[in-house]
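These are the residues of each chain, in order.
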Amino acid sequence: MTALLGDDLAQAGAEAGVALTEYFLTDKAKWVWRYRVGQLTSDPAGAGWLTKAVVADPEGVVVGYAGYHGPPDEAGMVEIGYSVAPGYRRQGYARQMLTELVRRAVAEVRVSTVRVTISPDNTASLATISGFGFTEVGEQGDEEDGMELIFEVPA
């Protein structure tokens, strides 16, 4: 993540073990990397829960990034985050990311609730979560994304 913040895509890819694309250097992605570096600095043990590159099988191509906003909180809630690179959207990758993130969360004994937050005008993401049992439980203002709807499903 530090290499990405320094615009060193080659170094970041070498450290990740996969070829990363310019998508990992967008302003939105850099906001994620800055935030996650801060989290790692304050809680290195939470690294396994944070954002990672997503590699499609069997193609072996990086299609985006996904993870959680951190380890489970005191109440057992984890929040999912994912982003699909523009060239790979509308091909089912977001649904696959969501499936794997929910699967991992549900398998973790410390997790009781899985959360996702989505902008009310993001129809693609709203469609992606349908069929997963998420229920809208409220809304919040996000410093980066603006107004978001909050959806949760029991683990």
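The preceding data block contains the structure.
Residues numbered from 1 in each chain as written. Predicted model: local features only at pLDDT ≥ 70, side-chain atom pairs only at ≥ 80, totals over all residues. Heavy atoms only, no water.

**Quick word on the sheet that holds strand β4 (residues 113-118)**
Here's step 1: If you trace the 6 strands from one edge of the open sheet to the other, you get β1-β2-β3-β4-β6-β5, paired in mixed fashion. In the strand order of this sheet, the two ends are held by β1 (52-55) and β5 (135-142), each with one partner. The average undirected angle you get between the axes of adjacent strands in this sheet is 30 degrees.
Here's step 2: Across the sheet, helix α4 (residues 93-107) touches β1, β2 (62-68), β3 (77-84) and β4, and the angle it forms with β3 is around 160 degrees. (Pairing = 2+ DSSP bridges. Helix = DSSP H or I, 4+ residues; strand = E, 2+ residues; numbered from the N terminus. Axes fitted to C-alpha atoms, helices over the stretch in contact; angles between N-to-C directions. Contact = heavy atoms within 4.5 Å.)

**Here we look at the pattern of salt bridges**
Here's step 1: Within this structure, the stated rule accounts for 4 salt bridges.
Here's step 2: A salt bridge links Glu100 to Arg103; the shortest N-O distance between them is 2.7 Å. In this pair, Glu100 and Arg103 are both assigned in helix α4, 3 residues apart and thus about one turn of the helix distant.
Here's step 3: Judged by relative accessible area, which is 43%, Glu100 ranks as partly exposed.
Here's step 4: Notably, a salt bridge pairs Glu152 with Arg115, separated by 2.4 Å at the nearest N-O pair. With a gap of 37 residues between them, Glu152 in strand β6 (residues 146-154) and Arg115 in strand β4 connect regions that are remote in the sequence. The same class applies to Glu152 as to Arg115, namely buried. (Salt bridge = Lys/Arg side-chain N within 4 Å of Asp/Glu carboxyl O. Buried < 20%, exposed > 50% of the residue type's maximum accessible area, 1.4 Å probe, protein only.)

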